[in-house]
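Below are the chains, spelled out letter by letter.
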Amino acid sequence: MEWETVIGLEVHAQLATKSKIFSGASTAYGAPPNTQACAVDLGLPGVLPVLNQEAVYMAAKFGLAVNAKVSPRSVFARKNYFYPDLPKGYQISQYELPIVEGGQLTIEMDEAEKTIGITRAHLEEDAGKSLHEDFQGLSGIDLNRAGTPLLEIVSEPDMRSAKEAIAYMKKLHSLVRYLEICDGNMQEGSFRCDANVSVRPKGQAEFGTRAELKNLNSFRFVERAINLEVERQIDILESGGQVSQETRLYDAEKNETRSMRAKEEANDYRYFPDPDLLPLVVEEDFLQQTQRDLPELPDEKRQRFTTQYELSTYDAGVLTANRDIADYFEEALQAADCEPKLCANWVMGNLSALLNKSNLEITQSPVSAAHLAGMLRRIADNTISGKIAKQVFEAMWEGESNADQVIEKQGLKQVTNSSKIEQMVDEVIASNPKQLADYRSGKDKLFGFFVGQVMKASKGKANPAQVNELLKKKLAEN
Amino acid sequence: MHTKTLAELSSALQKREISSVELTQYFLERIERYDSQLNAFVTVTSETALSQAQSADDRLKMGDHSALTGIPLAHKDIFCTSGIKTTCGSKMLDNFIAPYSATIVEKCQQAGMVMLGKTNMDEFAMGSSNETSYYGTVKNPWDLQAVPGGSSGGSASVVAARIAPIATGTDTGGSIRQPAALCGLTGLKPTYGLVSRYGMIAFASSLDQGGVLANNAEDTALLLGVMAGFDAKDSTSLDSPPKDYTARLNDSIKGLKIGLPKEYFGEGLDPEVAKVLEASIKTLEQQGAVCQEISLPNMHLSVPVYYIIAPAECSSNLSRYDGVRFGYRCDNPQDLLDMYKRSRGEGFGAEVKRRVMIGTYALSAGYYDAYYLKAQQIRRLISDDFKKAFEQVDVIASPTTPTAAFNFGEKTDDPVSMYLSDIYTIAVNLAGLPGLSMSAGFVNQRPVGLQLIGNYFSEDHLLNIAHQYQQDTDWHTQMPAQFS
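Before going into details, it helps to say that this report is about the structure given with it. Because the structure is predicted, anything quoted here is derived from the model rather than measured. (Residues numbered from 1 in each chain as written. Chains lettered and ligands numbered in written order. Predicted model: local features only at pLDDT ≥ 70, side-chain atom pairs only at ≥ 80, totals over all residues. Heavy atoms only, no water.)

1. Some details on the overall build of chain A
Rule in force here: In DSSP terms, a helix is any run of H or I states spanning at least four residues, a strand is any run of E spanning at least two, and both are numbered starting from the N terminus. Throughout this description, buried means an accessible area under 20% of the type-specific maximum (1.4 Å probe, protein chains only), exposed means over 50%, and partly exposed covers the range between. Residue contacts follow a heavy-atom distance rule, with two residues in contact if any of their heavy atoms lie within 4.5 Å. Every accessible area reported is derived by Shrake-Rupley at a probe size of 1.4 Å, with residue values counting cover from the shown protein chains alone. As used throughout, the charge tally considers Lys and Arg to be positive and Asp and Glu to be negative, leaving His and the chain termini uncounted. By convention, the point assigned to a charge is CZ for Arg, NZ for Lys, CD for Glu and CG for Asp.
The secondary structure content of chain A amounts to 16 helices and 16 strands. For chain A, the C-alpha atoms occupy an extent of roughly 95 × 55 × 55 Å along the three principal directions. With 478 residues in all, chain A has 52% of them scored as buried. For chain A, the share of sequence-separated contacts (at least 6 apart) that also reach a separation of at least 24 residues comes to 68%. Entry remark: accessible area of chain A is about 23,100 Å², with carbon and sulfur atoms responsible for 47%. For chain A, the separation between the mean place of its 55 positive charges and that of its 71 negative charges on side chains is 6 Å.

2. Observations concerning the pairing of strand β5 (residues 90-94) of chain A
All names here are of chain A. To keep things clear, this is the line we draw: Here a strand pair is declared whenever DSSP counts at least two bridges between the two strands.
When you tally the buried positions in β5, you get 5 out of 5 residues, the bulk of the element. Side chains Y90, I92 and Q94 of β5 all project onto a buried face; the interleaved residues Q91 and S93 project onto the opposite face, where all are buried too. In terms of strand pairing, strand β4 (residues 76-80) meets β5 through 5 bridges, oriented antiparallel. Paired with F76 across the strands is Q94, a residue of β5.

3. Thoughts on the packing of aromatic side chains
Residues and elements named next belong to chain B. Using the following cut-off: What counts as a ring pair is set by centres within 6.5 Å for rings of Phe, Tyr and Trp (its six-membered ring), and what kind of pair is set by the plane angle: stacked under 30 degrees, edge-to-face over 60, tilted for all other angles.
What the rule picks out here adds up to 35 aromatic pairs over all chains. Centroid distance F96 to F326: 5.6 Å. Interplanar angle 50°. Geometry classified as tilted. Remark: F326 occurs in the loop between α9 (302-317) and α10 (336-347) and F96 occurs in the loop between β2 (72-76) and α4 (103-110); sequence separation between them is 230 residues. Relative to F348, the ring of F124 lies with its centre 5.8 Å away and its plane at 75°, an arrangement referred to as edge-to-face.

4. A look at α10 of chain B
Along an α-helix, residues three or four apart share an orientation, since each turn contains 3.6 residues. Residues and elements named next belong to chain B. To be explicit about the condition: Working rule for helices: expected span equals 1.5 Å times residues minus one. Here a polar contact means two N or O atoms within 3.5 Å. Within protein one must be a hydrogen donor candidate and the other an acceptor candidate, and residues neighboring in sequence count only if both atoms are side-chain atoms.
The end-to-end C-alpha distance of α10, which contains 12 residues, comes to 16 Å, matching closely the 16 Å that a straight helix rising 1.5 Å per residue would cover. For α10, the set of buried residues is D338, M339, Y340, S343, R344 and G347. Where the residues of α10 are buried, they touch α11 (350-363). Where α10 begins, the side chain of D335 points an oxygen toward the backbone nitrogen of L337, at a separation of 3.3 Å.

5. Observations concerning the sheet that holds strand β6 (residues 100-108) of chain A
The strands making up a sheet are joined through hydrogen bonds of the backbone, oriented either antiparallel or parallel. Residues and elements named next belong to chain A. Filter applied, for reference: Only the contacting stretch of a helix is used when fitting its axis, a line to C-alpha atoms as for every element, and angles between N-to-C directions run 0 to 180 degrees.
Judged by pairing direction, the sheet is mixed, and its 9 strands sit side by side in the order β2-β6-β7-β10-β1-β11-β12-β13-β14 without closing on themselves. Of all the strands in the sheet, just β2 (69-70) and β14 (256-262) have a single pairing partner and so form its edges. Of the strand pairs in this sheet, strand β11 (residues 191-201) and strand β12 (residues 211-216) are connected by 4 bridges, and their pairing is antiparallel. Residue N196 lies in a different strand from β12, and its bridge partner there is E212. Here helix α2 (residues 53-65) sits on the sheet in contact with β2, β6, β7 (113-125) and β10 (149-155), set at roughly 165° to β7. Here helix α3 (residues 162-178) sits on the sheet and contacts β1 (3-14), β6, β7, β10 and β11; the angle it forms with β6, its principal contact strand, is near 115°.

6. Describing the packing of helix α15 (residues 446-457) of chain A against helix α16 (residues 464-476) of chain A
Residues and elements named next belong to chain A. Rules: Throughout, the term roughly parallel applies to angles under 35 degrees, roughly antiparallel to angles over 145, roughly perpendicular to angles from 65 to 115, and oblique to all others. Crossing handedness follows the turn of the near helix against the far one: under a right angle anticlockwise gives a left-handed crossing, and clockwise gives a right-handed one.
For the pair α15 and α16, the least separation of the axes is 10 Å and the interaxial angle reads 125°. As summarised for this structure, α15 and α16 are arranged oblique, according to the angle between their axes. Here α15 runs over α16; the crossing is right-handed. From α15, F447, F450, V451, V454 and M455 reach across to α16, where they touch P464, V467, N468, L471, K472 and L475.

7. Notes on the interface of chain B and chain A
How large an interface is tends to be reported as the accessible area lost when its parts come together. To keep it simple, the criterion reads: Once two parts are brought into contact, the accessible area they lose, counted with a 1.4 Å probe and summed over both, makes up the buried area. Here, a salt bridge means any side-chain nitrogen of Lys or Arg that lies within 4 Å of a carboxyl oxygen of Asp or Glu.
Listed by partner, the interface residues are 39 residues for chain B and 30 residues for chain A. When chain B packs against chain A, close to 2,700 Å² is buried across both sides, 59% of that on carbon and sulfur atoms. Looking only at chain B, the three residues that lose the most surface to chain A are S235, R320 and R325 of chain B, adding up to 22% of its buried area. Here chain B and chain A share 1 salt bridge between them. For the salt bridge of D276 of chain A with R197 of chain B, the shortest nitrogen-to-oxygen distance reads 3.1 Å.

8. Considering the side chain of T86 of chain B
Residue and element names in this part refer to chain B. Locating T86 in the fold gives a position in the loop between β2 and α4. According to the relative accessible area criterion, T86 is buried, its value standing at 0%. A distance of 3.3 Å separates the side chain of T86 from the backbone nitrogen of T81, its partner in a polar contact. When neighbours within four sequence positions are excluded, T86 is seen to be in contact with D77, I78, F79, C80, T81, L93, F96, K118 and I201.

9. A few points about the pattern of salt bridges
Residues and elements named next belong to chain A. Counted under the stated rule, the structure contains 52 salt bridges over all chains. For E296, the salt bridge is made with R304, and the minimal N-O distance between the two is 2.7 Å. Taking the relative accessible area as the measure of exposure, R304 reaches 23% and is therefore partly exposed. Between E330 and R304 there is a salt bridge; the shortest N-O distance is 2.8 Å. Placement of E330 in helix α8 (residues 323-336) and of R304 in helix α6 (residues 298-308) is noted, with a sequence separation of 26 residues between them. The exposure class of E330 is buried, given its relative accessible area of 17%.

Take a look at the structure:
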């Protein structure tokens, strides 16, 4: 039988507010345990939550960016359960009336674009962390993370493969960073994902029983865990069994999923509206202002890059997947005033490669956009060749700031003086009589050899176009 | 000294006839002398009090003072006080010292008031007789066999016995007005949101409201002026402009339209209490008020609605007492579940557990719509009844309690009969309205209260009516013989 996979994702994006969603404590990552937990975060008796406006603004930005309805009135509810890292014994979340409802996101697959529905996005607070090492059989609790604002983004079950799920997740990741509402740092847990996965016989209308996969904290894990789960479910169904509704934990080390709790063991969260918080009212002018604050979004930017700069859809897609990269590209291009494709190649090629190798963000690049532009200008005006540019770029990466200085210091200026080049060409031809004879007897491939020799003689500085032209002429002489 | 009103004490302090230190010492001595009979304080903060009194004297000397600078008061032990134990009447918090003060505690301190101590109360404010406190029952100064009411029983007792000039309280279903009535005091529960709930340990968040227990309306107005006002730390706090609650005290009540809800004067009301109330209403009429019967048709639903909503909120509010971060933790827990079960099982008393269980049940999947949601719908109907009533009348007068104070043990075996002692006060909390109880006479030497219910933010008007009533009556100046 042919099976169809059905996937819906719940993504928790940690909002990049300075303080927590209901208290004034800092949200900075990595502080010593319990140093960023105030009385409100600790759930001490008598304390009360006060909603952080910035979190609302960020949620509204997201809602507008995915063409969703930002509800004029949403309600915070209490999700009640006991856990040591949940200080109040309940999590403040939104349940029946979330702030964002009904949006969509378009993903680009090889064959075509596909629209994934976003059911809702709601604001909630994060819990703390339980630490099980180093306490001699006891557990430690770190409440620094307790009260950190999260936007939980719930998709429709619209994805049909792990690939689509990853494409959706990447698109979402790019979007929240564009909006500057989440730093997207998956290692620090700023962008986490749970996946609801089921399979059904192809053509069947109703969904199969789903399992919820937890702990998917990288794109790679999401893909692996989903594929594992799909295989597991198909195996069960093909051997005549039934998939049970449950929550499963992905273990990256063992690369397996295992059952965390069955449906029957699920908590009854006893949701009810939080009486400490009034319904959240979003005014029309606030929304209009937020709309005005929206940056150019990835899709729009990609579209503009293909028309304005005549880049391919692929190049435009790579350059616009990350807002910082797009900004860098445009800054460099504007300063260099060169062919957009030349600038794109450098940003996507050498620069990206070195950044990846050093594990740096483009914002941390040792070579600034302005300095890259300085080099691009020298390529464009033929001062240096593309090949020499690599040398210049490496020098700049190592700390030389200015392309012109590097060129000057290392004497890399391209030789465009045709008599000089002609002299070198003549010398190369004269000192390689055998190759000359072979070439003239039909071995055209040797042309490359002569080009190489001339470039070598010029230490790479000869203008390749001039070398080609002169060689062609001279070799054909007699 | 202990027979003086706040205004009189204030004037004596400002004229330097007495210092705040002397006044504070005077009340500390009365506490020392009488509290062993009453058990009304959980903690007496003599040292803090004397140092606050010293600062108050400094302020008085420099002329940098407010109306209540130097005046001692007692706080219900539900208000967190930085560095001083806050128990909420529970074993669970017997070791709890908050690192912050409740907003109203800070406001009183800023006004230069002197905290004498923290008063006993029903555990987590759940009770109507002060019999659920971990620290033992509080006695009613009018009759040591009688309950003082609850949950602000300690505050009522200290003011009635004049071992504190005035006290703060909280009222979720009648916890200020009922003990005020049973102890012969003036007690005010303000409009929901008028007084900050920050640092006030939550029982039922949508109903809880801080207020005042005092000997008379004028004292109440003075302290309310200090406590009321917007607080950015409480999202349910209302942004109302500061008000002088004494400004209207001397207004005439001529032409005042008083509504008497027929549902409040029928079956269930002790006939002797009814007689006392009739006489007090007659006094108000003689002062120019006009009474008319009104109907609040859904009032009979207020107790059942309350006993869904309050326990539901309480079941969630009390989840934080889990033995993990503060408060009581059982000895030698075997594992997490054992720690939860025994810490909560040993740390909470029976009434608290009962309400946590009722609330947990009411919020459970499959029951939520039938209980919690339905209760919220009826709550709306109850509010609407009041809204309609206030289209016809200015205020509503009713009994505060169905009977005068009952004896210890009389209702402890029958929770429902205990719950019914709040039958006239609960609807006010459900609607979020202000309610005041004032002493209106006695039945068998035990005080009886008349409740006045006003529209939102009409505290100054309720205080005006009570003050006018107190100009022509002397119930409020009477004192229990043993403590005079």
